[in-house]
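# Tertiary structure, described
Single-letter residue listing:
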Amino acid sequence: MYENMVTARHYEERLQEEYLEGKQPAFDISAGPIPGELHLAAGQEAAAAGVCQHLRDDDTVTAPHRPHHVAIAKGVDLDRMTAEIFGRQTGLGKGKGGHMHLFDPEVHFACSGIIAEGCPPAAGAGLAAKKRNEDSVAVAYLGEGAIDQGAFLESLNFAAVFDLPVVFVIEDNDWAISMPKERVTDVENGAKRADGFEMPGVRVDADDAVEVYEVAGEAIGRARDRNGPTVIEVQVHRRMGHFMGDPQTYRPEEDQEAAAERDSIERLEAALRDYGVDDDAMETIREEAHERVEAAIEWAKAQPHPEPSDAYEDMFVNPPSGVTDSEPDFDLAGGDD
Ligand SMILES: Cc1ncc(C[n+]2csc(CCOP(=O)(O)OP(=O)(O)O)c2C)c(N)n1
Ligand SMILES: [Mg+2]
C-alpha cells in the first residue's frame with residue numbers, strides 16, 4: 001500500500017511540473033506536453049491503496065475523472081498510462097482519451113470524465129461474473145459530489161436486487177469543484193445511501209489506509225463469497241484545486257491548510273514505524289517509486305504523437321437514417337464537406 005501511495009503522490013508531483021510547462025503566464029490550457037484538464041488526487045491515495053490491495057487483475061475497477069491513484073493501485077501499465085496522458089500513439093487509448101479516459105483491459109480498469117458513469121459498468125461486470133460463475137468482483141469509485149446521480153442510485157438498486165459482487169467506494173473530499181457537499185447533499189455520511197437498498201454501508205472517517213484496508217477486505221470478501229454489494233465512504237482530502245490552474249478562490253484558507261496537514265502517507269508511515277518497519281526500508285520504497293515514475297515519464301515523452309488521420313480510426317459512427325453500409329469518405333486535405 002505504501003509503495004502504491006508514494007508512487008501515486010510522486011507521479012502527480014511530476015505530472016504537475018510537466019503540465020505547467022508552456023502553459024504560463026496566461027494559463028493556456030491547450031499548450032504544453034499535457035494538453036487539456038488535469039485533475040490530481042494528492043491526498044486521496046489511501047482510498048485507492050486500501051481497497052485495491054485486495055483485488056486481482058480479473059477484478060474490475062471503474063474510476064471517475066480523478067483516476068491516477070486508483071489506476072496505479074490497480075496495477076495499470078504506468079508507461080502506457082503516462083503515454084496516454086501525454087497524448088502519444090502508444091498510450092492506452094492511442095493518445096485520444098487523455099488522463100480522464102484510461103482503459104487497461106489487462107487489469108480490467110476504466111475511468112470516465114462523466115461523474116458516476118463508472119457505476120453501471122461496474123454493476124455490469126458484477127453481473128457478468130455472476131452469470132459466468134466466476135468469483136471476480138467489481139469496484140466503482142465515485143466522488144461525494146456524485147452520490148445524488150441517478151447512475152449511482154440505479155446501480156445500487158440493480159446490484160442489490162441481483163445480489164451482485166460490487167463495492168461502491170465514495171471518496172469524500174468535501175468538494176465537488178467549488179461546491180461544498182453540505183449545500184447539495186442531505187446526508188453527512190454518504191455510506192447511508194446504502195440503507196435504502198438494504199445493503200451494508202460503512203464510512204471510514206479518517207483517510208487511514210490501514211482502516212480502509214480492513215473495511216474493504218470485509219466488503220470485497222462478502223462480494224467474492226456472493227453475499228452482495230457494499231457501499232464504503234472514505235474521508236479523504238483534496239490537497240490541490242479541482243483541476244490544475246484552479247485558483248480556489250471559493251475555498252477557505254483553513255480548509256486548504258487542514259487538507260495539507262492531514263497527510264495519509266505520513267499517517268501510514270507512522271503506522272509502519274509502529275509495526276517495526278524502519279525508515280531505511282521506507283526510503284528504499286520511495287526511491288524505487290521515484291525511479292519507476294521517472295522511467296515512465298521519460299518513455300512516454302519519447303513516444304510519437306498520433307497522426308492526424310488516426311483521429312478517424314476507432315470511431316463509432318451513427319450513419320444518417322436510411323444509410324446502413326456506406327463507408328465514410330473523409331478528405332483530410334479539406335474537401336467539399
Ligand atoms: C454527469 C456529469 N455532470 C457534471 C460534470 C462536471 N463535473 C466534473 S467533476 C464534477 C464534480 C465532481 O465532484 P466529486 O464527485 O465530489 O469528485 P471530485 O472532483 O471531488 O473528486 C462535476 C460536476 C460531469 N463531469 N459529469
Ligand atoms: Mg468531491
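Quick notes on the rules
Residues numbered from 1 in each chain as written. Chains lettered and ligands numbered in written order. Predicted model: local features only at pLDDT ≥ 70, side-chain atom pairs only at ≥ 80, totals over all residues. Buried ≥ 20, exposed ≤ 12 C-beta atoms within 10 Å, placed from the backbone. Helix = DSSP H or I, 4+ residues; strand = E, 2+ residues; numbered from the N terminus. Pairing = 2+ DSSP bridges. Right-handed = clockwise from strand over helix to strand, strands pointing away. UniProt positions renumbered as here; feature names shortened; annotations may be inferred. Axes fitted to C-alpha atoms, helices over the stretch in contact; angles between N-to-C directions. Parallel < 35°, antiparallel > 145°, perpendicular 65-115°, else oblique. Left-handed = near helix turned anticlockwise from the far one by under 90°. Contact = placed C-beta atoms within 7 Å. Nonpolar A, V, L, I, M, F, W, Y, C, P; charged D, E, K, R; others polar. Arc of directions from axis to C-beta.

All right, on to the pairing of strand β4 (residues 138-143) then. Most of β4 sits inside the fold, with six of its six residues counted as buried. Side chains of β4 alternate between two faces, with Ala 138, Ala 140 and Leu 142 and Val 139, Tyr 141 and Gly 143 buried alike. One ladder, built from three bridges, connects strand β1 (residues 60-63) with β4; its direction is parallel. Within the sheet, the bridge partner assigned to Thr 62 lies in β4 and is Ala 140. Pairing of β4 with strand β5 (residues 166-172) involves six bridges; the strand directions are parallel. Looking at β5, one finds that Ala 140 is bridged to Phe 168. In this fold, β4 hands off to helix α6 (residues 150-161), which returns the chain to β5; that crossover is right-handed.

On to the UniProt feature "domain: Dehydrogenase E1 component" (unreviewed entry) in the chain. The UniProt record marks residues 31-308 with the feature "domain: Dehydrogenase E1 component" (unreviewed entry), using the residue numbering of this structure. Helix makes up 38% of residues 31-308 and strand makes up 13%, while its end C-alpha atoms are separated by 17 Å.

On to unusual backbone geometry, then. For the bond running from Gln 24 to Pro 25, omega is 0°, close enough to zero to count as cis. Along the chain, Pro 25 turns up in the loop between α1 (2-20) and α2 (45-52).

This paragraph deals with the packing of α2 against helix α7 (residues 209-224). Where α2 meets α7, the axes come as close as 8 Å, and the angle between the chain directions of the two elements is 40°. Regarding the angle of α2 to α7, the classification is oblique. Here α2 and α7 pass one another in a crossing that is right-handed. For the pair α2 and α7, the contacting residues are Ala 46, Ala 47, Ala 49, Gly 50 and Val 51 in the first and Ala 209, Val 212, Tyr 213 and Ala 216 in the second. The residue makeup of the contact of α2 with α7, split by class, is eight nonpolar, one polar and no charged.

Let us now look at helix α4 (residues 78-85). Among the eight residues that make up α4, seven are buried, leaving the element largely enclosed by the rest of the structure. Taken together, the buried residues of α4 touch α1, α3 (68-74) and α10 (279-301). With its phi angle positive at about 70°, Gly 87 sits one or two positions after the end of α4.

For helix α9 (residues 264-274), the set of buried residues is Ser 264, Ile 265 and Leu 268. Looking straight down α9, one finds that the buried residues subtend no more than 100° of arc, so they occupy a single side. Away from its buried face, by an angle of more than 90 degrees, α9 presents the exposed residues Glu 266, Ala 270, Arg 273 and Asp 274. Each element contacted by the buried residues of α9 is listed here: α1, α2 and α7.

A few words now on the sheet that holds β1. The strand order across the open sheet built from seven strands is β2-β3-β1-β4-β5-β9-β8, with neighbouring strands paired in mixed fashion. The sheet is open, and its two borders are formed by β2 (103-104) and β8 (201-204), each paired with just one other strand. Together, β1, β4, β5 and β9 (230-235) form the strand contacts of α2, whose direction differs from that of β5 by roughly 160°. This element, α7, spans β5, β8 and β9 of the sheet and lies at about 170° to β9.

Let us look at the packing of α1 against α9. Remark: α1 packs on α9, axes separated minimally by 11 Å, with the N-to-C direction vectors making an angle of 150°. With respect to α9, the element α1 is oriented roughly antiparallel. As α1 runs across α9, the sense of the crossing is left-handed. Residue-level inspection shows Tyr 2, Met 5, Val 6 and Arg 9 of α1 in contact with α9, the latter providing Ile 265, Leu 268 and Leu 272.

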